Amino acid sequence: MSKIRHYIEVMKHIPDHAYIATTSLGMGGLPEQLLKGLGEYYQKYQSPRDLSVITTGGIGTGPGRGLDHILYPNLLKRATTSYLYYSANTIEAVLNNEIEMYYLPQGIIGQLYRDAARGGVGVFSQVGTETFIDPKYLGGKINEKTRQQEDVVKEIYFNDERWLHYQPLAINVAFIKASYADTRGNLSLKREPFVLEALSIASAVKNNGGIVIAQVEQVVEDYSIPPKEVVVPGALVDYVVVADKKYHMQTVLTQYNPAISNEIRVPLSEYDYLPLSPSKVILRRASQELAKGSFVNVGVGLAANIGQIISESHLIDQIHLSVDLGSIGGMPVPGLDFGMNYNAEAIIPSQSLFEYYHGGGIDTTVLGFGQFNEKGEMNSTYLNGTLNGPGGMLDIVQGADKIVFVGSFTVKAELTIENQQLVIQKEGYASKFVKSLPLSNFSSHYMKSLGKKIILITERAVFEIDNEGQFVLMEIADGIDIHGDILDLIPWSIKVSEHLKIMDPALFAEDWQLTLE
């Protein structure tokens, strides 16, 4: 019997108080047609009610999309994710204390899906220690409404060592996205940008007696999908919905590009050009922290562009760049298409890559930053009155030997490069070094206790963090006033290295070549 159904029809199978699990990064992996259908069904029938939704990453493309589709009174009760930036109306509801909201590390959510599939007792990890995820602080609870609810992170001791116990999930509805399905429900992700956690979610929900609903772009002939290409077998799928094109995008920006799904290889020279700018200087300096043959994680935002620096120097095949969604090798795709690599050597399930990260497999990670305080704590979750989320950062730093933060020294400064010198035309309206943080998703002191090297690179200064978690100024850009342009903009006294030096002027030149050692 065919499992193909209309996207509204399948919603009658979702019970009140259901716990829906899905995958996402913006639009990649997100079955948005199902969320839209759930919202439409609720408007008509006022059921199901009081639902909880959990997803791994950012969800949606902007206001009215993603999780916003189900933002109705008595429909969405609770959201759990690592990153919420793309669902603007849901963020507003969280800040207004209208729904419950938990943030958890992205990699931990993936492990919780796998744990739920095997009927486990949760995930034990030190990821999240000394951050707002830690139960001795907020336990991932973002607003007052959530703080009145149960703890989803608890502490436990093994051999006198403190660990975090992420509580098991009882998910009973799966919303998953695939490219193709046959009428028996076998799913292929051939045109999707990544693999993510679809199989674990489907397995967990079926083992919990729940309902698995898949969204696809096309139904194909039965048995026409090669068995090794079937990511989720039809035995685990109850219903299949064919999505409208608008609600089945590859990324936030792109409907479909075979290079993004790595069905084709492309000349990287068409994608790796970056004009000379202060941001490019930051990336050039950060690339000097990478070693030939090393395994590197690349974060979102400015950090994602470091692949272009390496490719421009024709060294992309001498380093293993990875993105936490599962791509290894090639050049990370920058901007709003971020999440996969052009010309990847491998794309593995995100959970599997996070297992490698958690185990210490990262030589160096390059990440953006929001605000730092005097204790070396960093906030990138709650900025400018809105919620972003830690994403996979907490998982990544736990498994990295070297952590390189990149970003501008102040917010929206007007900067130019003239005669290989940085010129501050107009200072930014706020320093990124602040007295206090609304919350912390990184602790330099804890990371240093684990023996990690931490470097902070801006366009005008390079800092290292010492074993006490304190900033040490190591390099400054030529032409910069160490007091007026750096020290006076930091609201505490920092150490200045006895070996303070000028940043290499070649970094500020039009032509530059990276050398990996």
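Residues numbered from 1 in each chain as written. Predicted model: local features only at pLDDT ≥ 70, side-chain atom pairs only at ≥ 80, totals over all residues. Heavy atoms only, no water.

Caption draft 1: Summary view of the pairing of strand β32 (residues 461-465). Counting buried residues along β32, four of its five residues qualify, which places the element largely inside the surrounding structure. Examined bridge by bridge, strand β31 (residues 453-457) and β32 share three bridges and lie antiparallel to one another. Looking at β32, one finds that I455 is bridged to E464. Taking the residues between adjacent antiparallel strands as the criterion, β31 and β32 are bridged by three residues. In this structure, β32 lies alongside strand β33 (residues 471-476), joined through five bridges in antiparallel fashion. Opposite E464, over in β33, you have V472 as the bridge partner. (Buried < 20%, exposed > 50% of the residue type's maximum accessible area, 1.4 Å probe, protein only. Helix = DSSP H or I, 4+ residues; strand = E, 2+ residues; numbered from the N terminus. Pairing = 2+ DSSP bridges.)

Caption draft 2: Fine view of the pattern of salt bridges. Within the structure shown, the criterion is met by 23 salt bridges. Between E130 and K136 there is a salt bridge; the shortest N-O distance is 2.5 Å. We classify E130 as partly exposed; its relative accessible area is 23%. Sharing partners across several salt bridges, the network here consists of R285, E289, K402 and E475. (Salt bridge = Lys/Arg side-chain N within 4 Å of Asp/Glu carboxyl O.)

Caption draft 3: Region of the structure containing the sheet that holds strand β6 (residues 123-125). Taking strand neighbours across the sheet as the criterion, the three strands line up as β6-β8-β7 in an open arrangement whose pairing is antiparallel. Of all strands in the sheet, those bounded by a partner on one side alone are β6 and β7 (153-158). Put simply, the sheet's adjacent strands are angled 35 degrees from each other on average, direction ignored. Here three bridges tie β6 to strand β8 (residues 161-166), and the two strands are oriented antiparallel to one another. Paired with F124 across the bridge in β8 is H165. On top of the sheet, helix α3 (residues 106-117) reaches β6 and β8; it is set at about 145 degrees to β6, its chief contact. (Axes fitted to C-alpha atoms, helices over the stretch in contact; angles between N-to-C directions. Contact = heavy atoms within 4.5 Å.)

Caption draft 4: Geometry of the domain arrangement of the chain. Structurally, the chain comprises domain 1 (11-120 + 170-247) and domain 2 (278-508). Taken over C-alpha atoms, the centre of domain 1 sits 32 Å from the centre of domain 2. On the domain 2 side, the residues contacting the 24 residues of domain 1 number 27 residues. Roughly 2,100 Å² of surface becomes buried between domain 1 and domain 2 when both sides are summed, with 61% attributable to carbon and sulfur atoms. Considering only the surface of domain 1 that becomes buried against domain 2, Y103, Q106 and R114 emerge as the three largest contributors, covering 23% of it. The interface formed by domain 1 and domain 2 includes one salt bridge. Residue E355 pairs with R114 through a salt bridge whose shortest N-O separation is 2.5 Å. Counting across the domain 1 and domain 2 interface gives 13 residue pairs in polar contact (both at pLDDT 80 or more). Sorting the residues of the side of domain 1 that touches domain 2 by element identifies α2 (88-95) and α3 as the ones contributing at least two each. For the side of domain 1 that touches domain 2, the element with the most residues is α3, which contributes seven residues. (Domains from an automatic or database assignment. Buried area = accessible area lost by both parts, 1.4 Å probe. Polar contact = N/O pair within 3.5 Å; in protein donor to acceptor, adjacent residues only side chain to side chain.)

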